[in-house]
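Structure at a glance
Here's the letter readout for the chains.
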Amino acid sequence: MLPKAAHQAISLLAQLETCGLRKVVLAPGSRSAPLALGLASFPGLQVWTNPDERAAAFMALGLARAGGEPVLLLCSSGSAGLNMSPAVAEAYHQNLPLLVATADRPKRLLNTAEGQTMLQSYFFEGFLKDRFEPEEHIEDWRSVGQEAWQIARGPIPGPVHLNLRFDEPLYFEASEIPKTLKPASEPGYPAREKALPNFPPKLLVLAGQLPRSLAQAIRPMLEQGISQGLNFWGDISSHLWDLSPFGAYPEWLWNQKNPSQMPEAILVIGGTLLPRRWDAFMQSNPKVRWFQALHFGPSSPRFHPNTQCLDLALPELMNQLSLKDWKTIDMPKGMPPLPEGWHDLSAAALFLQSLKEGDALHLGNSMSIRYASFLRHILPKSVEVWCN
């Protein structure tokens, strides 16, 4: 007879597979045994095993980045989950879909000197789309699996923590697992329906960090909007930098004294805008209205409390913007010239010129990001750019 822990683990795995789960990374341990043994009943899942939790977490991160769909990351109880924190934080800031499952002991064992027992529920606080801790009954494990998948997948992807409390016995024979597993329901995806704000004619769209796949999806609509007068600038991490008519536009705008050259409203799409001076620009121009789309978590805008956060999927938003006429700001065109002589910037230019179509470029610190941003016109537009 299967123990309760086995039924719980199998119900969760069955629901996730129905939702679309195909890849699992396991850092094995005793308390996570119900999940590890339960995987034997799911031949359609690809499973990678790594005994080092930190390495396993970054392996899952890479799989999520490459595939674009949620990856399930499993580990045992105690401090094992803490070792996965760097990868979870990276998944949060890069909008990568990750399901982080930490096995845990029953609540009654907390603060009783039980080994490998600590308060795990808030391990990744501040770096999650959401977190769940299912109750004992099976239906809750199924519904948690479905909801966690939906949130991790998007429309704004990110990591979701599942803290799973298993009581003993933990082990069972594979032959005891039922051959047919029927999850509670088919997956659904949450609607994101809110009206488009009444933007003023002189709108500037700023693109921050965007996954390349999402940037490619909205590129045709953005090109259409630009042809109708929409003002646009994309930083180096947006994968849309080549659509910016003037590479040095931020510096030009930050130093702008002519009110007629100032946008009436600014819409920030994507994640972080890499030039930090945007913060100071917003504070010094309170009359400019600010909007933000594809923000992280609840409405908590980066710049100041008057920013209006839009709960619209980015393709839907850009499609609506492409259907309107806009007033173009008379800004300079072209790219700034490269200084003459041999120096670190010219060395960076030589390196960037060596990149080929389809290469991936990972910028690891602020100076390399500044160089690449200044030299954006050298980059082939098919190069994939990642920034920590």
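Residues numbered from 1 in each chain as written. Predicted model: local features only at pLDDT ≥ 70, side-chain atom pairs only at ≥ 80, totals over all residues. Heavy atoms only, no water.

**Comments concerning the sheet that holds strand 4 (residues 98-104)**
- The sheet built from six strands is open, its strands ordered 2-1-3-4-6-5 with parallel pairing. Sheet topology places strand 2 (46-49) and strand 5 (130-132) at the edges, where each strand pairs with a single neighbour. Taken pair by pair, the neighbouring strands of this sheet meet at an average axis angle of 20°, ignoring direction.
- Both strand 1 (residues 23-26) and strand 2 contribute to a ladder of four bridges, which runs parallel. Residue pairing in the sheet places Val-25 in a bridge with Trp-48 of strand 2. (Pairing = 2+ DSSP bridges. Helix = DSSP H or I, 4+ residues; strand = E, 2+ residues; numbered from the N terminus. Axes fitted to C-alpha atoms, helices over the stretch in contact; angles between N-to-C directions.)

**Here we look at the packing of aromatic side chains**
- According to the stated counting rule, one finds four aromatic pairs in the structure shown.
- Relative to Phe-127, the ring of Tyr-92 lies with its centre 6.2 Å away and its plane at 85°, an arrangement referred to as edge-to-face. With a gap of 35 residues between them, Tyr-92 in helix 4 (residues 85-93) and Phe-127 in the loop between strand 4 and strand 5 connect regions that are remote in the sequence.
- Accessibility expressed as a relative area gives 33% for Phe-127, which makes it partly exposed.
- A centroid spacing of 4.7 Å and a plane angle of 80° characterise the contact between Phe-199 and Phe-291, whose relative ring orientation is edge-to-face. Of the two residues, Phe-199 is situated in the loop between strand 6 (159-165) and strand 7 (203-207) and Phe-291 in strand 10 (residues 289-293); the sequence distance between them amounts to 92 residues.
- Among the residues examined, Phe-291 registers a relative accessible area of 2% and is labelled buried. (Phe/Tyr/Trp six-rings, centres within 6.5 Å; stacked < 30°, edge-to-face > 60°. Buried < 20%, exposed > 50% of the residue type's maximum accessible area, 1.4 Å probe, protein only.)

**A few points about helix 9 (residues 314-321)**
- Among the residues of helix 9, Leu-314, Leu-317, Met-318 and Leu-321 are the ones counted as buried. Projected down its long axis, helix 9 shows its buried positions confined to an angular sector of 95°, all on one face.
- Looking at the buried residues of helix 9, the elements they touch are strand 7, helix 6 (212-227), strand 9 (265-269), strand 10 and strand 11 (308-310). (Arc of directions from axis to C-beta. Contact = heavy atoms within 4.5 Å.)

Note that all results are geometric; they support no functional claim without further evidence.
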